[in-house]
Amino acid sequence: MKRFNKSKGKNENNQTSESEPQASVDAGAEYENPDAAEMPKMEPDSAHDENIENDLKKHVENPEMKEAPGLDLDAADHNREYDDIPEKHDADPKKGKRTRCGKFFGCIRCIWATRLTEDNMDKDQYAKTTLRELFTYIIFLVDLSVLTFCMTSNNAYYYTNAMTTLFVKTPVPGSLLTFRDIFTIDDFWKVMQGPVLNGLYWEKWYNDELLGINNSFIYYENLLLGVPRIRQLKVHNASCVIHADFKDDIESCYGPYAEGAEDHTPFGEQVSPAWKYMTSNELNGSTHWGHMATYSGAGYYTDLSRSSNDNREILETLESSKWLDRGTRVVFFDFSTYNANVNLFCIMRLFVEFPATGGALPAFQVYTVKLLRYITLFDYFLMGCEVLFCLFIFYYTVEEILELTKHKCNYFKGFWNILDIIVVLLSLVAIIFNLYRTVSVDNLLESLLKDPNLYADFQFLAFWQTQYNNMVAVNVFSAWVKFFKYVSFNKTMTQLSSTLARCAKDVCGFAVMFFIIFFAYAQLGYLIFGTQVKDFSTFGNCIFTQFRIILGDFEFGAIERANRIMGPIYFSTYVFFVFFVLLNMFLAIISDTYTAVKADLAEQEDEFDIAHYLLRAYNKVASKFKIKQYSDIQCTLDASEESMGYEEWRDRLIELGHQESKIHEIFKRFDVDENKILDKNEKLQMKIDLNREMNEMNGLTTKAKENEEDDEDDQTEDASADDVKLLGEQVDKVEQKMGGVDSQIYSILAQLEVMEQKNGNVADNFYQNKTQ
């Protein structure tokens, strides 16, 4: 098509078009419409109305006018662009197949296109890709947040607290001894036969009325699954070395726990598993990390029964038979409950460590987890979110593979790329664990329902459920941090990453200096106070204690009581050097770097203005709706040859989906005589004005597109840091050379001035001599 330029009066073929009448449009607008130039001007003489109407109908009925965006009167054709005009199909079927394959791969490329997979993107492509990545990730982040926050329950804390209060804080009847106060083997048996056994079996109501059920419901709400299990680990005699001077006085020696020092020999009555050693595989046990050591899943065990009286006899027998002795290093008491009201499992472990030093260290572990997933309607909603999550992970997995294939090893140089891989890998592990947990819980419950007198070993599953929750927490944290990647087009959002990146070297240098002093004080505190103060009992405790001192959480009295001289010296010097000096140096590094980054960002521009881009997209959509409105009005006017009443006008446009207020506004604008009837002249004036407005809108849109193209052509590549440095060095050299040239020029000018003065004096003398 020819490109008409009104400002010059010529088309692209350099043919003069001044003799052709021009449409009444904006003088600065350019638009592609060769036939629009023939549109007649509105003449004041009414005698020409018929000619104008006929000319207008010619333009409307002209098939070439369908191509003009401003005068398209058919509503169905307004959504067609020039590039959408169908071409003749090639008869070659192979070419058609290649075309279809190209469209398919083009669609795939469009779905997984990112800023790292696409090269040479213009401004619009970059903006579209960035916004698509941003909105896609927002949906993924919302879905992930819904899954993670809904997999936990607010009731879990209250469930844990209720079980802890019952078994840990309840005292032995007639004394103040609780589980936390256990310090000897005798204390252990008292607590087990008292609050623990009483708390497991609720056989009566508060008025001593029998419950009348075979199962035990703790707090009348929590079903005891299977039977409890008690297990111990022992070390054999001669597991330590006795000094020669004490061999006559000390006949036996039981050292600290180690898996290689476990006692495997049967002892006692040997009529039940309680007196025979069982391996970890036989018990299907798992390791446990205690205060003194990490214990294996093996040992001597016995399962209790479903009756409170029978269990009391079992515990009394074990106590009287000296089941626990000097070789015992730890005792575990495990049981599991289920609360159907909140669909939560509570897996509880009470354990007491007996160190080689004597005494006891009681501790407990409570796992309150949701193992049965799909029960309520909301659970099935979460299932849908899980399916959506799997689709997102598949999408991001393919995306990472494409980016890794394109950039290879360079891909791992970017922090955000590494974070992407971490999120994807953690999510894949979460999906696999979900499947494993569902199958395992179903199998475990099935075996438990067959024989309720078995021990319900949920310990292993609950442990990994807790690890899964920890992993999901890290994944959610990483996913939220990753959000900065998609808003990095805004310079304000890059302040944190830019500050950390720029001060990384200074912080690393400072960290070496800081930890030299920090660990020196940690060793000093461990050696001085380690035997008397719990916070300094281990080197790890010393490290955390010193961090707490920085934050103001410390017990100066305990340090002073441990050593009245070294305690105050240690504390005062540590606070001075670490808190007042080193900490303020660190803050100064961060503050100075942030100030420099803030100044640099103030001179930079955003990669693109998202508000401007969205506004431009809105204008495009609005213009399409406005063109449809004009087309519908044209069709409505053409439906009636003569005059048209307001009722007919309104009914037709309402059927086409327009608002009645807009319909009334347009009608009132052209109903000059206000008789609620559009006569022939008013209809003609409406057609001309609407076509003029449509041409103006399309002309301005075309001009805006041309300006955008010109701006893109004028863009140049950003210079790299090396180029800027090289250019600066060259400029410095030029300035140095120019400085030498300037000095030479000044010396020459000075010599010229001297010569000029001499010549002037000679000329004056010659003139005076000549006159004489």
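The structure displayed is predicted, hence computed values, not measured ones.

## A closer look at the overall build of the protein
Then comes step 1: Of regular secondary structure, the protein possesses 20 helices and 10 strands.
Then comes step 2: Looking at the protein alone, contacts between residues at least 24 apart form 66% of all its contacts between residues at least 6 apart.
Then comes step 3: Just so you have it, the protein exposes about 46,900 Å², and 58% of that area is on carbon and sulfur atoms.

## Topic: the pattern of salt bridges
Then comes step 1: Scanning the model with the defined rule gives 11 salt bridges in all.
Then comes step 2: Among the ionic pairs, Lys234 bridges to Asp325, the shortest N-O distance being 2.9 Å. In this pair, Lys234 sits in strand E2 (residues 222-234) while Asp325 sits in the loop between helix H7 (308-320) and strand E6 (328-339), placing the two residues 91 residues apart along the sequence.
Then comes step 3: A salt bridge links Asp379 to Lys370; its shortest N-O distance comes to 3.2 Å. Each of the two residues, Asp379 as well as Lys370, counts as buried.
Then comes step 4: Through salt bridges with shared partners, a single network forms among Asp420, Lys482 and Lys485.

## Focus: a nonpolar patch on the surface
Then comes step 1: On the surface, Met513, Phe576, Phe577, Phe579, Phe580, Val581 and Met585 cluster together into a nonpolar patch covering about 610 Å² of accessible area.
Then comes step 2: Top contributing element to the nonpolar patch by residue count: helix H15 (residues 566-603), with 6 residues.
Then comes step 3: Looking at where Val581 falls in the secondary structure, it is placed in helix H15.
Then comes step 4: Look at Val581 and you get partly exposed, because its relative accessible area is 31%.

## Points about unusual backbone geometry
Then comes step 1: With phi around 60°, Tyr219 is a residue other than glycine that occupies positive phi space.
Then comes step 2: Checked against the element boundaries, Tyr219 lands in the loop between strand E1 (217-218) and E2.
Then comes step 3: Tyr219 gets classed as partly exposed once you look at its relative accessible area, which sits at 29%.
Then comes step 4: If you check the backbone angles, Lys322 has positive phi at about 60° while not being a glycine.
Then comes step 5: Topologically, Lys322 is positioned in the loop between H7 and E6.

About the cut-offs
- Residues numbered from 1 in each chain as written.
- Predicted model: local features only at pLDDT ≥ 70, side-chain atom pairs only at ≥ 80, totals over all residues.
- Heavy atoms only, no water.
- Helix = DSSP H or I, 4+ residues; strand = E, 2+ residues; numbered from the N terminus.
- Contact = heavy atoms within 4.5 Å.
- Areas by Shrake-Rupley, 256 points an atom, 1.4 Å probe, with all protein chains shown as cover.
- Salt bridge = Lys/Arg side-chain N within 4 Å of Asp/Glu carboxyl O.
- Buried < 20%, exposed > 50% of the residue type's maximum accessible area, 1.4 Å probe, protein only.
- Patch = residues over 30% accessible without salt bridge, like charges linked within 9 Å, V, L, I, M, F, W, Y side chains within 5 Å.

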